[in-house]
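Each chain, written out:
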Amino acid sequence: MKAVRRLNKPIQTLETNRRNLSSIATPLPVDAHGPIWKPQETPSYVPTYPIRLSVLHQLLQKCARESLPMEGMACHGCIIQYGLWANTLTSNMLINMYSKCGFLEYARRVFDEMPERSLVSWNTMIGSYTQNGNEREALDLFVQMQREGTEFSEFTLSGVLCACAAEFAVFECRQLHAFALKASMLENMFVGTALLDVYAKCNLLKDAIRVFEYMPERSAVTWSSMVAGYVKNELHEEALMTFKKVQITGVEFNQFILSSVLAACAAIAAKIEGIQAHAVLFKTGFILNFFVSSSLVDMYSKCGSINEAYVVFSCVKQKNIVLLNAMISGFSRHGRSMEAMMLFEKMQQIGLQPNEVTYVSVLSACGHMGLVKEGKKYFEMMVKEHNLSPNVVHYSCMVDVLGRTGLINEAKILIDKMPFEATASIWGSLLSSCRVYGNIELAEIAAKHLFEIEPENAGNHVLLSNIYAANRKWDEVIQARKLLKETEVKKERGKSWIEVKDKVHAFMVGERNHDRIHEIYSKLEGILEEIRKFGYRCETQHDLHNVEENQKEELLRHHSEKLAFVFGVMCLPSSAPIRIMKNLRICGDCHVFMKLASKITGREVVVRDTNRFHHFRNGFCSCGEFW
């Protein structure tokens, strides 16, 4: 405590006498670039009382820690007045203070005018550029450092690698990799972690794995970077397997690795693993972190458990924009548009302004329920009330809102008026709407653009072929499928999967390989017999093959989601919801089947397709027949 009093006392004295200190210092000359830090000659005035350099250092640290730029400049004035500007340690603290306060130009001027720079000087300046988003300047400064022949350390190298990661500078990264190898720094934990992080962010995962396996020592940050790298490269199962290795090795968790794990669970709808991660969050105390809570809300909503997501959301007392956006997005995904719009209004009532992400979610909610009037209102509100410029994602949502409600020509007009080129997502949305409403003319226009933008996507060829088939234009169907064959791209087969007792069971249409497939088919026939009593007839118009009606019925009867549903009925407790994930859009016949099957079995069924979640209860679907 005595040491603390000794530390605080001179700081308080200097703060009290700040006005006197300012009057002592000779006014700084000014040029076109701002204050001139280095005086033209040694000051002739000598203060009437002594001041310790350590006190100024403590003040500079306080100004950097609490972001006090004016007080820091007053200290700088004292440093110049006392002729201490040539002290290397003092200049390093000034660079740190100015960078922490957001005055990078001032920090660089102090750096440039230092008569002698230490390694800390270079590291501090490079780190300042990296932390403030000036990655290119950090790389240029490192080049200057090498030209001057200054020795570098592992902290220098890791700082420059972080700049490469932000800039996605693959070429520079490979050069630094060779540099680290020559300097025998590759085994250093900081350098290795920064290097694998760069490779992972640049989608060079094999290189990242090679660096990771070469490292003799790994920290929590290293493991976190590796898990995040797997997630970024959409290798979600590998991310979860790596997390299990972290648990075995006994490395202490941090909030970043847990957020990445939750993102992996959300992507593949691995609810059991997500619940286990939730339990770890409770034990570690990271549940109070805004970003972790947001990841948790996102995980539950993407796993089909929107109620659990709302429970997590409600337990967070002080909500920020990230958490609110996650909850609005969850409501939108599950077709609960009213809740999404109410939360949007509540956000503004508590003083939080919507951002671009918020508007994406609320516009998506309007699209899922066909709320054209509300969609147009929010689209205008972005610009007029919140001064936000709609980006390509907002236009994509608006095209979806118009297209889903049959206003396809209006959607095309909006695309033509956009201030930038339409993306594959926008043309894909228009093509899907043309499929629903049978607009062949605009479908051909949208498909032509899609073939140019993403020629390797077989789904666009299949969708155009389906539009022709739905309108019984079989000659055009043959031409579309011939073009698909010539492009040599593979059509994605429809599949559904369901998780039962910690194991994922996947089904294809007409599945034959599952261990209990004969039992599944037998049970399916019994359910079909029951729902026929409620008027169910196989809706063959949803099968777009040019075959006889009885063949169409056979194909539709054994769709993958039907098989997954039957397996869920057989294996899951009667009180448990049946959660089915699907890689394609659910077809109209399966949608009718799920409604009636939920009624006769008394089961809640949740189906996630590529567009949204469908909640089937007692013969009704949450989508309101709009998907």
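As the structure is a computational prediction, the values presented were derived from the model and not from experiment. (Residues numbered from 1 in each chain as written. Predicted model: local features only at pLDDT ≥ 70, side-chain atom pairs only at ≥ 80, totals over all residues. Heavy atoms only, no water.)

J.: How should I be thinking about the pattern of salt bridges in this particular structure?
T.: Close approach of charged atoms lets side chains of opposite charge pair. If you walk through the whole model with that rule in mind, you get 18 salt bridges. With a closest N to O distance of 3.2 Å, aspartate 197 and lysine 201 form a salt bridge. Of this pair, aspartate 197 and lysine 201 both sit in helix H11 (residues 189–201), four residues apart, which is roughly one turn of that helix. Among the salt bridges present, the one from lysine 412 reaches aspartate 416, with a minimum N-O distance of 3.0 Å. On the criterion of helical spacing, the pair formed by lysine 412 and aspartate 416 is a turn pair, its members being four residues apart in helix H24 (residues 408–417). Linked through salt bridges whose partners overlap, the residues forming this network are Arg174, Asp207 and Arg210. (Salt bridge = Lys/Arg side-chain N within 4 Å of Asp/Glu carboxyl O. Helix = DSSP H or I, 4+ residues; strand = E, 2+ residues; numbered from the N terminus.)

J.: I tried to follow the pairing of strand S7 (residues 613–617) on my own but got confused; where do I start?
T.: Remember that side chains alternate between the two faces of the sheet whenever the strand is regular. The element S7 is extensively covered by neighbouring structure, given that four of its five residues are classed as buried. As judged from the four bridges shared by strand S6 (residues 605–608) and S7, these two strands associate in the antiparallel manner. Following the sheet pairing, valine 605 is matched in S7 by phenylalanine 616. Here S6 folds back onto S7, and the loop between the two strands holds four residues. Sheet analysis places S7 next to strand S8 (residues 620–621), joined by two bridges and oriented antiparallel. For phenylalanine 616, the partnering residue across the bridge sits in S8 and is cysteine 621. (Buried < 20%, exposed > 50% of the residue type's maximum accessible area, 1.4 Å probe, protein only. Pairing = 2+ DSSP bridges.)

J.: Would you take a moment to explain the packing of aromatic side chains for this structure?
T.: For the coordinates displayed, the defined rule picks out 12 aromatic pairs. For the ring pair phenylalanine 111 and tryptophan 122, a centre distance of 5.0 Å and an interplane angle of 80° mean the geometry is edge-to-face. Taken together, the residues span a long stretch of sequence, with phenylalanine 111 in helix H6 (residues 104–112) and tryptophan 122 in helix H7 (residues 119–131) at a distance of 11 residues. Plain terms: the ring middles of tyrosine 395 and phenylalanine 420 are 5.5 Å apart, the flat faces sit at 85° to each other, and that makes the pair edge-to-face. Of this pair, tyrosine 395 sits in helix H23 (residues 392–404) while phenylalanine 420 sits in the loop between H24 and helix H25 (424–437); the two residues are 25 residues apart in sequence, bridging distant segments of the chain. An aromatic cluster of three or more residues is present, and its members are Tyr98, Phe103 and Tyr106. Positioned over the ring face of phenylalanine 111 is arginine 117, at 4.4 Å from the centre of the ring. (Phe/Tyr/Trp six-rings, centres within 6.5 Å; stacked < 30°, edge-to-face > 60°. Lys NZ or Arg CZ within 6 Å of the ring centre and 35° of its normal.)

J.: Mind showing me how you'd approach the sheet that holds S6 here?
T.: Within a beta sheet, neighbouring strands are joined by backbone hydrogen bonds and run either parallel or antiparallel to one another. One open sheet holds the six strands; their spatial order is S4-S3-S5-S6-S7-S8, and the pairing between them is mixed. A single partner strand is all that each edge strand has here, and the edge strands are strand S4 (503–508) and S8. Running at roughly 15° to strand S3 (residues 495–500), helix H31 (residues 560–571) makes contact with S3, S4, strand S5 (578–582) and S6 of the sheet. (Contact = heavy atoms within 4.5 Å. Axes fitted to C-alpha atoms, helices over the stretch in contact; angles between N-to-C directions.)

J.: Hey, could you run me through a negative patch on the surface in this one?
T.: Where like charges cluster on the molecular surface, the negative patch consists of Glu441, Glu444, Asp475 and Glu476. Taken together, the elements giving at least two residues each to the negative patch come down to helix H26 (440–453) and helix H28 (474–487). If you trace the backbone, glutamate 441 turns up in helix H26. (Patch = residues over 30% accessible without salt bridge, like charges linked within 9 Å, V, L, I, M, F, W, Y side chains within 5 Å. Areas by Shrake-Rupley, 256 points an atom, 1.4 Å probe, with all protein chains shown as cover. Lys, Arg positive; Asp, Glu negative; His and termini not counted. Charge placed at Lys NZ, Arg CZ, Asp CG, Glu CD.)

J.: Just checking my understanding: could you explain the packing of helix H22 (residues 372–384) against H23 for this structure?
T.: Each pair of packed helices can be summarised by the angle the axes make with each other and by the distance between the axes. Orientation of H22 relative to H23, taken along the N-to-C sense of each, is 160°, at an axis distance of 9 Å. As the angle between them shows, H22 and H23 are arranged roughly antiparallel. Note that H22 runs across H23; the crossing there is left-handed. Of H23, the residues touching H22 (which contributes Val372, Gly375, Lys376, Phe379 and Met382) are His394, Tyr395, Met398, Val401 and Leu402. Partitioned by chemical class, the residues of the contact of H22 with H23 number seven nonpolar, two polar and one charged. (Parallel < 35°, antiparallel > 145°, perpendicular 65-115°, else oblique. Left-handed = near helix turned anticlockwise from the far one by under 90°. Nonpolar A, V, L, I, M, F, W, Y, C, P; charged D, E, K, R; others polar.)

J.: Help me understand helix H18 (residues 306–315) in this model?
T.: Residues lying three or four places apart along an α-helix face the same way, a consequence of the helix completing one turn every 3.6 residues. Along H18, the positions that sit buried rather than exposed are Ile306, Ala309, Val312 and Phe313. Down the axis of H18, the buried side of the element spans an arc of 115°, and every buried residue falls inside it. Away from the buried face of H18 by more than 90 degrees, exposed residues Val311 and Cys315 are located. (Arc of directions from axis to C-beta.)

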